[in-house]
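Report on the structure
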Amino acid sequence: MTTFGLDTFGDVTHDASGTPLTHAQTIRNVVEQGVLADQVGLGFFGIGEHHTPDMPLSAADVVLAAIAARTSSIHLGSAVTVLSSDDPVRVYQRFSTLNAVSDGRAEVILGRGSSVDSFPLFGYDLADYEDLFEEKTHLFAELLKGGPITWQGKTRASLHEQDVVPYTEPFPTWIGVGGSPQSVVRAASYGFSLMLAIIGGHPGRFAPFSELYQHALEKFGRDPLPIGIHSPGHVAPTDEEAREEFWPHYLDMIGRLGRTRGFATPTPESYAHEVGPHGALFVGSPETVAEKMARTMKKLGASRFDLKYGIGGLSHESLMRTIELYGTKVVPMVRDMLA
Amino acid sequence: MKIAVLGAGHVGPVIARLALAAGYEVGIAGSGDPARIEMITEFLAPGAVALPAADAVADADLVVLAIPWHRFPTLEPGMFAGKVVIDSMNHWPPAEAPLGTSEEVARRLVGADVVKTLNHVAYQDMEPAGGRAVGIAGDSPDAVRAVAEFLEHIGFDPVPVGPLAAGRLLEPGSPVFGVAARRQEFENFIKEQS
Ligand SMILES: NC(=O)c1ccc[n+]([C@@H]2O[C@H](COP(=O)([O-])OP(=O)(O)OC[C@H]3O[C@@H](n4cnc5c(N)ncnc54)[C@H](OP(=O)(O)O)[C@@H]3O)[C@@H](O)[C@H]2O)c1
């Protein structure tokens, strides 16, 4: 089964005059966006945890619960939960509560944390991120089995025959991978699905990761599991409109992040490349975006695609239009192309 | 010439692949048992041999350090004597340390010829190398020459930026860090700094 979803990092949107909306209004708008995603027939709506003034969605599960109350079929999840700087017990509790509230529609995508803002906030040392993620992923996998748990480690108090509640039906768990082969193998070893975060460069370069994952699942004696793609994009009626709308905000955001994170500052040429057939930005008309999605999904053997829509500075109205076009135009075209 | 790549994360397998494509023999190592990286090697750098770090280094003429900076102190320094060592590591998050990573690497790996390069290119931009300009800094002219030749063979355009201390010019925060600068822009930037 193929599933199409949307992810947001909850960037602060601007009004028509270019003034940033408040955090509270931004969050209420994300609820509206989630409801629209359900109305246009999408299968998943995910919120990525961030802790900065321009991305204030630090408590995704609360917002997801609000969306759950107003929808009936869309799945709701994190994209991602930064597990390294969180307590797996709390993550489990929050999402199994969401699973109860939504009648079995919760999903979790676990991440090691490429966005580093949560480490100092919660008192973690970035130098420990591999060990933190390793140990916490293990605990989370144990919690998902349900029932009283006994566990011991270095990153939290040990548990002895402990009930961690609420107990709900198992919910799908993914590991988000940005290019770490260790994370691919880890996902397979725990039986978690693989979400490839493709945010720059040629999506085709991830094909060996898909093969590695499938091979690793086999080696660990597990049944095949879905592979998903998370990529940024923006949809408008024409290619030109989509590209022009997205560019100034993309330049602003990557330019700011780039210096410290090692991304190149975009130029008009590099942007043209990223939105073109060999780049990782799914920006364009419904036809262009659909064609690129279908090609990428085939190439990587993916049965799930989550478009990460929205970028700081765009308006809520423009995001609503992207969601509408994605659900009503792009996704049906991709389904046809994959059929 | 034989290459040892230490690190099988984002960066290591990409460098291994580029070297294999250019015809080099490549050994690759993680921090532990090579069995742990065998699958990764098979799918991401087919043709490379997964080895314990000490064996990979012992066999090689050129060693690439593609491990996290905070793990560098876990390397056994003695095994690098007489080797040419590429430091592609970055302080993370960017640190106000008095010395660049490569100066510290050289200090600790006594007897090795350390050259700083590739640290300023994001792993997803390394392949294809496509003649991209990369800075190269080192104190030993022979080692710099050997590394420049290696970089050219795997598809980069190495631009000398000076002695190892000048490697700081390639670190996070620099105008060439993470930027697809051309040779001319690189040279202009280096000139401005000297
Ligand atoms: N990511 C980029 O785009 C980029 C670009 C340029 C430079 N760099 C620099 O390149 C280095 C590697 O980055 P990365 O993103 O590839 O890191 P990574 O994905 O975390 O991978 C690190 C690798 O190093 C291995 N390792 C750790 N300690 C080791 C030891 N003592 N001996 C041998 N292998 C060891 C790890 O193996 P185990 O799993 O066995 O511990 C792992 O395979 C860092 O210094 C980074 O700053 C990164």
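Before going into details, it helps to say that this report is about the structure given with it. Note that the structure is a prediction, hence the values are computed from the model and not measured.

With that out of the way, let us pick up the nonpolar core. Residues Phe45 and Tyr326 of chain A are the most contacted members of the largest nonpolar core, which totals 129 residues. Considering each element in turn, this core owes the most residues, 7 residues, to helix α11 (residues 316–338) of chain A. Non-local contacts of Tyr326 of chain A, meaning those with residues more than four positions away in its chain, are made with Phe4, Gly5, Leu6, Leu42, Met293, Phe305, Leu307, Val331 and Pro332 of chain A. If you look at the next biggest cluster of nonpolar residues, it comprises 22 residues, including Trp69, Val85, Val105 and Leu109 of chain B.

The subject of this paragraph is the sheet that holds strand β7 (residues 133–138) of chain B. Sheet strands pair via backbone hydrogen bonds, and the direction of the pair is either parallel or antiparallel. Residue and element names in this part refer to chain B. Spatial ordering of the open sheet is given by β3-β2-β1-β4-β5-β6-β7-β8, a layout of 8 strands whose pairing is mixed. Both outer strands of the open sheet, β3 (49–50) and β8 (157–162), are each paired with one neighbouring strand and no more. Relative to β7, strand β6 (residues 113–117) runs antiparallel, the two sharing 3 bridges. Within the sheet, the bridge partner assigned to Thr117 lies in β7 and is Ile136. In the packing of helix α4 (residues 101–108) onto the sheet, the strands contacted are β4 (62–65), β5 (84–87) and β6, and the crossing angle to β6 comes to about 165°.

Looking now at the interface of chain A and chain B. Chain A puts 28 residues into the contact, and the matching count from chain B is 24 residues. Around 2100 Å² of area is buried between chain A and chain B when both sides are counted, 63% of it from carbon and sulfur atoms. The interface formed by chain A and chain B includes 1 salt bridge. Residues Arg71 of chain B and Glu130 of chain A are paired through a salt bridge, measuring 2.6 Å at the closest nitrogen-oxygen approach.

We now examine the pairing of β7 of chain B. Residue and element names in this part refer to chain B. Most of β7 sits inside the fold, with 6 of its 6 residues counted as buried. Alignment of β7 against β8, held across 5 bridges, turns out to be parallel. Paired with Gly135 across the two strands is Val159, which belongs to β8. Taken together, β7, helix α5 (residues 141–153) and β8 constitute a β-α-β crossover, and its handedness is right-handed.

A few words now on the pattern of salt bridges. A side chain with one charge can pair with a side chain of the opposite charge if their charged atoms come near. Residue and element names in this part refer to chain B. Under the definition given, this model contains 24 salt bridges over all chains. Among the ionic pairs, Asp142 bridges to Arg145, the shortest N-O distance being 3.0 Å. Placement of both Asp142 and Arg145 in helix α5 is noted, with a separation of 3 residues, approximately one turn of the helix. Take Asp142: its relative accessible area is 54%, and that puts it in the exposed class. The exposed category is assigned to Arg145, whose relative accessible area is 52%. Within the structure, one salt-bridge network assembled from shared partners comprises Asp87, Lys116, Arg168 and Glu171.

Scoring rules and cut-offs
Residues numbered from 1 in each chain as written. Chains lettered and ligands numbered in written order. Predicted model: local features only at pLDDT ≥ 70, side-chain atom pairs only at ≥ 80, totals over all residues. Heavy atoms only, no water. Core = buried A, V, L, I, M, F, W, Y, C linked by side-chain atoms within 4.5 Å. Buried < 20%, exposed > 50% of the residue type's maximum accessible area, 1.4 Å probe, protein only. Helix = DSSP H or I, 4+ residues; strand = E, 2+ residues; numbered from the N terminus. Contact = heavy atoms within 4.5 Å. Pairing = 2+ DSSP bridges. Axes fitted to C-alpha atoms, helices over the stretch in contact; angles between N-to-C directions. Buried area = accessible area lost by both parts, 1.4 Å probe. Salt bridge = Lys/Arg side-chain N within 4 Å of Asp/Glu carboxyl O. Right-handed = clockwise from strand over helix to strand, strands pointing away.

On their own, these measurements won't tell you what the molecule is for.
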